[in-house]
Amino acid sequence: MLERLIAVTREAGGIIRSARDVDSSVREKSSPRDLVTNYDLLVQDFLRRELLKLLPEAGFLGEEGDERENLSRKEWVFIVDPIDGTTNFIQGYHNSCVSVGLAKQGQMEYGVVFNPYDGELYAAQRGKGAWLNGKPIACTDRPLDHSLLIFGSALYYRDLVGETLRLFNAAFPLVQDIRRFGSAALDLCYLAAGKAGAFFECRLCPWDYAAGSLIAREAGCTVTQLDGSPIDLFNKCGILAGSPGAWRELLALFQKGE
Ligand code: 2AM
Ligand code: CA
């Protein structure tokens, strides 16, 4: 199954790579910060069609879809973001990806994340490990003060500006430096590959973190909500992830409530 998921995800990435005249296909969803392009829709249609061929009985949860009901009762569910990093895609940054997760009975079983611009393909299977372009990857064992912290600004949620800045301010003095890349799925993969020590964002949707959370876990990272509780695959939640040491330190810091 993993090889077939990888093949479909790669092909979807090809659609993103061949996109032309992206500007004229942009539309606002809930706000000027929440955007969609015709390519998001095109890639999602492709993924729905090809993934359901692999597993016709599965449910399908995608960012651009509306089939949201009763998915948690299905044995298998695809959790898919056709383009994670849509703003990067529109603005011409080459830091976007296709994110394909497959959950079984509410647990992530397979995850594939592909950046078609640099050709990095991250994949994982529960209990089997995580790979970057076929080579095993592992989280960093560097201490927090020698590690980068990636964060996401949850910019679609005005109510979270204060909380995001509180966590940023608390963590900033303790880490090597901070990065903000704009694709949560890739952020989690960067942790998995040991390119950063930790990641947080105050609210994300399941398709942003489903595949990446498994890839990070299989690489040895801890992935939870901001209070340390398990992530929710069917509802929005905040995410705190990192190498086990970095995750523990940040959890303790964030819980101080300063
Ligand atoms: P997107 O590029 O697929 O929209 C950036 O902070 C991260 O948040 C990206 O992974 C982005 O995914 C995601 N994101 C975008 N809109 C969101 C929304 N309304 N709710 C939660 N996450 C969102
Ligand atoms: Ca998206």
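Rules behind the numbers
Residues numbered from 1 in each chain as written. Chains lettered and ligands numbered in written order. Predicted model: local features only at pLDDT ≥ 70, side-chain atom pairs only at ≥ 80, totals over all residues. Heavy atoms only, no water. Near = heavy atom within 4 Å. Polar contact = N/O pair within 3.5 Å; in protein donor to acceptor, adjacent residues only side chain to side chain. Areas by Shrake-Rupley, 256 points an atom, 1.4 Å probe, with all protein chains shown as cover. 1 Å grid on protein atoms, 1.4 Å probe; cavity = no way out; pocket = protein on both sides within 12 Å on 5 of 7 lines; lining within 4 Å. Sits in = over half its atoms within 2 Å of the grid points. Helix = DSSP H or I, 4+ residues; strand = E, 2+ residues; numbered from the N terminus. Nonpolar A, V, L, I, M, F, W, Y, C, P; charged D, E, K, R; others polar. Domains from an automatic or database assignment. Contact = heavy atoms within 4.5 Å. Buried area = accessible area lost by both parts, 1.4 Å probe. Pairing = 2+ DSSP bridges.

**Some details on the site of ligand 1**
Argument step 1. Surveying the vicinity of ligand 1 reveals 18 residues, the closest of which are Asp84, Gly85, Tyr156, Tyr157 and Glu201.
Argument step 2. A distance of 3.1 Å separates an oxygen atom of ligand 1 from a polar atom in the side chain of glutamate 63.
Argument step 3. Note that an oxygen atom of ligand 1 is positioned 3.1 Å from one of the backbone N or O atoms of isoleucine 83.
Argument step 4. For ligand 1, the protein covers 93% of the area, taking 480 Å² as the surface of the free molecule.
Argument step 5. Judged by the fraction of its atoms near the pocket grid, ligand 1 is located in the largest pocket.
Argument step 6. Among the elements of the structure, β4 (76–84) and β12 (198–204) are those that each provide at least two residues to the shell around ligand 1.
Argument step 7. For the shell around ligand 1, a count of residues per class yields 6 nonpolar, 4 polar and 8 charged.

**Some remarks on the domain arrangement of the protein**
Argument step 1. Domain boundaries assigned for the protein yield domain 1 (2–136) and domain 2 (144–256).
Argument step 2. Centre-to-centre, using C-alpha coordinates, domain 1 lies 20 Å away from domain 2.
Argument step 3. Taken together, the 41 residues of domain 1 in the interface contact 26 residues of domain 2.
Argument step 4. Of the roughly 2500 Å² buried where domain 1 meets domain 2, counting both sides, 67% is carbon and sulfur surface.

**Section: the pairing of strand β1 (residues 26–31)**
Argument step 1. Across 4 bridges, the pairing between β1 and strand β2 (residues 34–37) is antiparallel. Paired with arginine 27 across the two strands is valine 36, which belongs to β2.
Argument step 2. Counted between consecutive antiparallel strands, the loop separating β1 from β2 contains 2 residues.

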